[in-house]
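Examination of the molecular architecture
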Amino acid sequence: MGPHPAVAAIRLAVRRVLHDILNTLPTSGERPDRPAERLPSPLGSTLVSAPASPLVLVACSGGADSMALASALAFEAPRLGLRAGGVTVDHGLQPGSDLRAAEVALRMRGLGLDPVESVSVDVGRDGGPEAAARDARYAALDAALERHGATAILLGHTRDDQAETVLLGLARGSGIRSLSGMAAVSGAGGRYRRPFLQLDRQTARKACMVQSLPVWDDPHNTDPAYTRSRLRHEGLPALEKALGKGVVEALARTAQLSRDDADALDSWASQAEASVRDAAGLLECAKLYALPPAVRRRILRRAAIAAGAPAGSLFARHIEEVDRLITGWRGQGAINLPGRVVAQRQGGRLVIRQG
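Presented here is an overview of the structure given in this document. All figures in this text were calculated on a predicted structure; none of them were measured in a lab. The numbers attached to residues start from 1 for each chain and follow its sequence in the written order. Since the coordinates come from a predicted model, pLDDT governs what is reported: local features require at least 70, and pairs of side-chain atoms require 80 or more to be given and counted, while whole-chain, interface and lining totals use all residues. Note that water and hydrogens are dropped before the side-chain values are worked out from all heavy atoms of the structure.

**Quick word on the pattern of salt bridges**
By definition, a salt bridge exists where a carboxyl oxygen of Asp or Glu is found within 4 Å of a side-chain nitrogen of Lys or Arg. Following the criterion strictly, the structure yields 24 salt bridges and no others. Here E76 ties to R15 by a salt bridge, and the two come within 3.1 Å at their closest N and O atoms. With a gap of 61 residues between them, E76 in helix 2 (residues 64-76) and R15 in helix 1 (residues 5-24) connect regions that are remote in the sequence. Looking at R15, the relative accessible area reads 31%, which means it is partly exposed. The shortest N-O distance in the salt bridge between D323 and R297 comes to 3.1 Å. Remark: R297 occurs in helix 11 (residues 293-306) and D323 occurs in helix 12 (residues 316-327); sequence separation between them is 26 residues. Starting at the N terminus, helices and strands are each numbered in turn, a helix being any DSSP run of H or I of at least four residues and a strand any DSSP run of E of at least two. The cut-offs for exposure are 20% and 50% of the maximum accessible area for each residue type, with area from a 1.4 Å probe on protein chains only; residues under the lower value are buried, those over the upper are exposed, and the others partly exposed.

Next up, the structure:
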């Protein structure tokens, strides 16, 4: 008799991602030297070394999604010749968070994960509490990956999380890239992988229940002070009541379609950028004007970021103002952008530089 359907679903999702990771690794002849494992010799007198297997980590908060992911990774990784470890991040935002993080680490070790690490972070204030916690968490995960020499980190975001992300992007009015939600593969070198984007939250919780895995429900997830929490417990239920079931699936599908379109437009903009610059590398307004708006604005955004504008602070309204220097030129002055970057039109050229 096979595993429960929920357990089978999470394992299959993880197995597919691990296969993808293996396929992206260089062959043994091309692979850079890995830390060696010390193994006892058959004679018991000397030690021989062997290259360590690639390591995949799971980011685990102790919630149902990440505990289900940790259990599936612990089951699947050894069968594919991979090592599996885990990281839990203590944000220090709640009383007793250090003890809870230690307990999560203990649970991961109980699943057979090794190495396992609990990392404490200081959460700043930039961008609001949710964004600041996210920035601190990813910085800690990046450091853990480098410290352990891991190949990738698995994240437990589900289809429900994807739907929420799409709605948040829609509310910001930030364009098609915001509607594309979270990528299945992201981060430097594709280090972050999200196996559960096609699975709903209930499947992960069911998998934990049938495996008797204890889970921790973060009170922040039900705190109406947080935008995502309000969306999860008020916004999405209201949409489903008004529009019927299937809203989450439709939003997740929208994310994938939007990502495909955004990727294609990004590629077009990258190829077109060289053709709209003069010999000195300055952007020519007439050539920019001839491009479709979606392509032109991508080039403008890339130029602003290259000049020093922080990507996270550069919004659609900023790019629209710069775009008017191309499409609605009336002799207007320079446009101030985040990061003390200035955009202005000079002699038929668009100059974007530090102010």
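Here the narrative resumes.
**Structural notes on the nonpolar core**
To qualify as a nonpolar core, a set must consist of buried Ala, Val, Leu, Ile, Met, Phe, Trp, Tyr and Cys residues joined through side-chain atoms within 4.5 Å. Membership of the largest hydrophobic core comes to 35 residues, with the highest contact counts inside it found for V14, L18, L73, L113, L154 and F196. Put simply, the parts of the chain that give this core at least two residues each are helix 1, strand 3 (55-59), helix 2, helix 3 (97-110), strand 6 (152-154) and helix 7 (201-210).

**Section: the packing of helix 11 against helix 12**
Where helices are involved, their axes are fitted lines through C-alpha atoms of the stretch in contact, as for all axes, and angles between N-to-C directions lie from 0 to 180°. Look at helix 11 against helix 12: their axes get within 10 Å of each other, and the N-to-C directions meet at 115°. The way helix 11 lies across helix 12 gives a crossing that is right-handed. Residue-level inspection shows R296, R297, L300 and R301 of helix 11 in contact with helix 12, the latter providing I319, V322, D323, I326 and T327. All residues other than Ala, Val, Leu, Ile, Met, Phe, Trp, Tyr, Cys, Pro, Asp, Glu, Lys and Arg, Gly among them, are scored as polar; the first ten of these are nonpolar and the last four charged. Counted by class, the contact of helix 11 with helix 12 contains four nonpolar, one polar and four charged residues. Definitions for this section: a left-handed crossing has its near helix turned counterclockwise from the far helix by less than a right angle. A right-handed crossing has that turn clockwise. By the convention used here, residues are in contact when the closest approach between their heavy atoms is within 4.5 Å.

**Some remarks on the side chain of D161**
Its location among the elements puts D161 in helix 5 (residues 159-172). Among the residues examined, D161 registers a relative accessible area of 9% and is labelled buried. In terms of polar contacts, D161 uses its side chain to reach the side chain of R201, at 2.9 Å. Within polar-contact distance, the side chain of D161 engages the side chain of R232 at 3.4 Å. Apart from residues lying up to four places away in sequence, D161 is in contact with D65, G156, M182, R201, R228 and R232. Between N or O atoms, a polar contact is any pair within 3.5 Å; within protein, one atom must be a potential hydrogen donor and the other a potential acceptor, and residues adjacent in sequence are included only when both atoms are from side chains.

**Quick notes on the sheet that holds strand 4 (residues 83-90)**
If DSSP finds at least two bridges between two strands, the strands pair. Judged by pairing direction, the sheet is mixed, and its six strands sit side by side in the order 5-4-3-6-8-7 without closing on themselves. Both edges of this open sheet fall to strand 5 (116-120) and strand 7 (185-186), since each of them pairs with a single strand only. Of the pairings in the sheet, the one linking strand 7 to strand 8 (residues 192-193) comprises two bridges and is antiparallel in character. Counterpart to V185 in the pairing with strand 8 is R193. Most of the contacts of helix 2 go to strand 3, to which it runs at about 160°, and overall it touches strand 3, strand 4 and strand 6.

**Some words on the pairing of strand 5**
Alignment of strand 4 against strand 5, held across five bridges, turns out to be parallel. Across the sheet, V87 pairs through a bridge with E117, a residue of strand 5. Handedness of a crossover is defined as follows: with both strands directed away from the viewer, a clockwise route from the first strand across the helix to the second makes it right-handed. Note on the crossover from strand 4 through helix 3 to strand 5: the handedness is right-handed.

**Some remarks on the packing of helix 2 against helix 7**
As a packed pair, helix 2 and helix 7 sit with axes 8 Å apart at the nearest point and diverge in direction by 60°. In terms of axis orientation, helix 2 runs oblique to helix 7. Where helix 2 crosses over helix 7, the handedness of that crossing is left-handed. Contacts between helix 2 and helix 7 involve A64, D65, M67 and A68 from the first element and R201, A204, R205, A207 and C208 from the second. In what follows, roughly perpendicular refers to angles from 65 to 115 degrees, roughly parallel to angles under 35, roughly antiparallel to angles over 145, and oblique to any angle outside these ranges.

**Some thoughts on helix 12**
An α-helical turn contains 3.6 residues, so a residue and the one three or four places further along point in the same direction. A helix is expected to span 1.5 Å multiplied by its residue count minus one. Helix length check: helix 12 (12 residues) gives 16 Å between terminal C-alpha atoms against 16 Å at 1.5 Å per residue, within 8%. Of all the residues in helix 12, the buried ones are H318, I319, V322, D323, L325 and I326. Taken around the axis of helix 12, the buried residues stretch over an arc of 140°, which confines them to a single face. Elements in contact with the buried residues of helix 12: helix 10 (285-289), helix 11, strand 10 (335-337), strand 11 (341-346) and strand 12 (349-354). Here the arc refers to the set of directions running from the helix axis out to each C-beta atom.

**Topic: the environment of E130**
Looking at where E130 falls in the secondary structure, it is placed in helix 4 (residues 129-148). Distance in space between the C-alpha atoms of E130 and D98 is 19 Å, their sequence separation being 32 residues. With residues near it in sequence (within four places) discarded, E130 still touches Y226, T227 and R228.

Worth remembering: the numbers are spatial, not functional.
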